[in-house]
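Now for the letters of each chain:
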Amino acid sequence: MSPDILSAAGSIPSSCLHSIFHAAERKEQETGVGVVKLHVGDPYFSPSGNVADEFVAAVRRGDTKYTGPEGLPALRAAAVDKLREDNGVDSAVSRLLISPGSAQGLAALLQSLAEPGAEILLPELHWPVHLQQSLLAGFQPVLYPLGTGFRPDPERIAAAASPRTRVLLINSPANPTGVVLERAEIAALLELARSRGWHVISDEAYEHFCYEREHLSVASLERDVPVDERIVHSVFTFSKSFAMTGYRLGYVALANDRAADVMKVVQEANIIGTSTPVQHAGIAALSSRADAAATNRKLVQRNRDAVLPQLVQAGLLNELPAGGWYAMLDVARTGLDSEEFALRLLESKGVAVVAGNGFAMRPDVDERGHIRSHDFAPWARHLIRIAFCVDPAELETGVQRLLEFVGECG
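Residues numbered from 1 in each chain as written. Predicted model: local features only at pLDDT ≥ 70, side-chain atom pairs only at ≥ 80, totals over all residues. Heavy atoms only, no water.

J.: Which residues make up the nonpolar core, and what are the values?
T.: A general tendency of soluble globular proteins is for nonpolar side chains to be buried together. Ile201 and Phe238 are the most contacted members of the largest nonpolar core, which totals 90 residues. Counting contributing residues, this core receives three or more from each of domain 1 (8-46 + 290-409) and domain 2 (49-288). Those residues in contact with Phe238, other than ones at most four positions away along the chain, are Leu75, Ala243, Met244, Leu249, Gly250, Tyr251, Gly282, Ala285 and Leu286. Counting 37 residues, the second largest nonpolar core, distinct from the first, contains Phe45, Trp325, Leu395 and Phe405. (Core = buried A, V, L, I, M, F, W, Y, C linked by side-chain atoms within 4.5 Å. Buried < 20%, exposed > 50% of the residue type's maximum accessible area, 1.4 Å probe, protein only. Domains from an automatic or database assignment. Contact = heavy atoms within 4.5 Å.)

Structure (structure tokens):
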């Protein structure tokens, strides 16, 4: 008999994202018919030609050796320039680390900041991976309630905090809600964190996908703060803006040199280094970033504006999402909870969506970081998430089938 797995990881359930991903795969294998995939945030457009060209060129010239855990100096310098010019963020090569995807960068950052008994504040409606990563790093997650329109409320956050709170996570544009925070909201959250002595993690994966107002990087509000006193650690990705999802490339701009030195050690242990050819592709992506990011934003916004108004008119969506790639629908009128809705929609219409209750999981965690049990916020039981970054025809087909299914349930 093999020994049991007693780690905290052994108590963490797989996310709702993976369960529907595998269900859609099974349906395609069993029926031989393609599923309309509105569950995955994978874009229908591709990286610019120079990205693939530089990746191949790096392989062909043998530029495939290890880099340091920090990443290629040239890529780090290019990312620092981008942050200064586009985001108004004052970074430096010494404080910027390359990672194999922003998800890994987030995980390493959380490992860098974790300490026994420390709490992290996450929004009650969250990307499930944020919760998984926090638990794996050793944090006790505290889910703070959101205000009207799924917006963070500093007073509610302050009330949810405790003397053990160490980190506040901010995600704007947000996955899964599409909320884009305004300057006053970000300033209030930053002021709260500074007054309480917290670190701030700003996940800005969807920075270029804002449709109603310009994106504001949280760290840009710290430009005039001495480096040693800064508290914002910013995480970015090449996956969304440059459609490089499978390349796996991201970067983390640490608040100060001490935090960067600690995360370098974490990366030494976790990854040794990021793929060298992929990093060269990243340099190419940043060299043409303005055109690529603007073009890709327009493609996703065109999808949003052309197809999602039908969901607003049907009463399933309050308003068009202000940013990101996703919309949260309320299907309460069908009488089905989100999991049953997602499974029956897949079975009867061949459309895959994600059950929204999985974005509102509430774990009961013991002092060792093990999940004793979990439930879901009751207000999320009728929510589903759809991705609108997919092929326009697929999106139109999927939404039409979804509306048909809703009508049949009604």
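J.: With reference to specific residues and values, describe the UniProt feature "domain: Aminotransferase class I/classII large" (unreviewed entry) in the chain.
T.: Mapped onto the present numbering, the UniProt feature "domain: Aminotransferase class I/classII large" (unreviewed entry) falls at residues 35-402. Structurally, residues 35-402 is divided into 39% helix and 17% strand, and its ends, taken at the C-alpha atoms, are 13 Å apart. (UniProt positions renumbered as here; feature names shortened; annotations may be inferred. Helix = DSSP H or I, 4+ residues; strand = E, 2+ residues; numbered from the N terminus.)

J.: Go over the pairing of strand 5 (residues 165-171), please, and point to the residues and values.
T.: Across the seven residues of strand 5, six count as buried, placing the element largely inside the fold. Two strands pair when backbone bridges link them, and strand 3 (residues 119-123) and strand 5 are joined in this way by three bridges, in the parallel orientation. Bridge pairing in strand 5 places Leu121 opposite Leu168. Taken together, the five bridges between strand 5 and strand 6 (residues 199-203) define a ladder with parallel strand orientation. In the strand pairing of strand 6, Val167 is matched with His199. (Pairing = 2+ DSSP bridges.)

J.: Provide a residue-level description of the domain arrangement of the chain, including the pertinent values.
T.: Splitting the chain by domain gives domain 1 (8-46 + 290-409) and domain 2 (49-288). Spacing between the C-alpha centres of domain 1 and domain 2 amounts to 24 Å. The junction of domain 1 with domain 2 conceals about 3100 Å² of combined surface from both sides, 65% of it contributed by carbon and sulfur atoms. Where domain 1 touches domain 2, the interface holds one salt bridge. Glu212 is the salt-bridge partner of Arg304, the closest N and O atoms lying 2.8 Å from each other. (Buried area = accessible area lost by both parts, 1.4 Å probe. Salt bridge = Lys/Arg side-chain N within 4 Å of Asp/Glu carboxyl O.)

J.: Break down unusual backbone geometry for me, with residues and values.
T.: It is generally the case that most residues other than glycine have a negative phi and that most peptide bonds are trans. A cis amide bond, omega -10°, links Ser172 with the succeeding residue Pro173. In this fold, Pro173 is placed in the loop between strand 5 and helix 7 (183-196). Of note, the amide linkage connecting Asn175 to Pro176 takes the cis form, showing an omega dihedral of 20°. Along the chain, Pro176 falls in the loop between strand 5 and helix 7. Phi is positive for Phe150, which is not a glycine, with a value near 60°. Note that Phe150 resides in the loop between strand 4 (140-144) and helix 6 (154-160).

J.: Describe the state of the cysteines, naming the residues involved and giving the relevant values.
T.: Tallied over the full model, the rule gives zero disulfides. With no disulfide of its own, Cys210 has Cys389 as its nearest cysteine by sulfur position, at a separation of 15 Å. Here Cys389 falls in the buried class, since its relative accessible area comes to 0%. (Disulfide = S-S within 2.5 Å.)

J.: Please give an account of the environment of Val252 that cites residues and values.
T.: Here Val252 lies in strand 8 (residues 250-253). For Val252, a relative accessible area of 0% corresponds to the buried category. Sequence separation of Val252 and Leu109 is 143 residues, and the distance between their C-alpha atoms is 8.1 Å. If near-sequence neighbours (up to four positions away) are discounted, Val252 is found in contact with Arg95, Leu96, Leu97, Gly105, Leu109, Ser234, Val235 and Met263.

J.: Would you mind going over the pairing of strand 3 in detail, with residue names and values included?
T.: Every other side chain in a regular strand lies on the same face of the sheet, so the side chains alternate between the two faces. Taking burial as the measure, the five residues of strand 3 include five buried ones, the bulk of the element. Here five bridges tie strand 3 to strand 4, and the two strands are oriented parallel to one another. What sits directly across from Leu121, in strand 4, is Val142. For the crossover from strand 3 across helix 5 (residues 128-137) to strand 4, the handedness is right-handed. (Right-handed = clockwise from strand over helix to strand, strands pointing away.)

J.: Got a sec to walk through the pattern of salt bridges? Specific residues and values, please.
T.: Within the structure shown, the criterion is met by 23 salt bridges. The closest approach of N and O atoms between Arg84 and Asp81, which form a salt bridge, is 3.1 Å. Pair noted here: Arg84 and Asp81 are both in helix 3 (residues 73-87), with a separation of three residues, about one helical turn. The class for Arg84 is partly exposed, based on a relative accessible area of 42%. By relative accessible area, which is 32% here, Asp81 ends up partly exposed. In the salt-bridge network here, residues are joined through shared partners; they are Asp81, Arg84, Glu85, Asp86 and Arg289.

J.: I'd like a description of the side chain of Ser91, backed by residues and values.
T.: Position of Ser91 relative to the elements: it lies in the loop between helix 3 and strand 2 (96-99). Overall, the relative accessible area of 11% leaves Ser91 in the buried class. Non-local contacts of Ser91, meaning those with residues more than four positions away in its chain, are made with Val80, Leu83, Leu96 and Ala253.

J.: Report on the sheet that holds strand 4, specifying residues and quantitative values.
T.: Two orientations exist for strands paired in a sheet by backbone hydrogen bonds: parallel and antiparallel. If you walk across this open sheet you meet the seven strands as 2-8-7-6-5-3-4, and the pairing is mixed. Lying at the two open borders of the sheet, with one neighbouring strand each, are strand 2 and strand 4. On average, each strand axis in the sheet is tilted by 20° relative to the strand beside it, whichever way the strands run. Of the pairings in the sheet, the one linking strand 7 (residues 232-237) to strand 8 comprises four bridges and is antiparallel in character. If you follow Val235 over to strand 8, its bridge partner there is Val252. Sheet strands in contact with helix 8 (residues 257-270) are strand 2, strand 7 and strand 8, and its direction is about 25° off that of strand 2. (Axes fitted to C-alpha atoms, helices over the stretch in contact; angles between N-to-C directions.)

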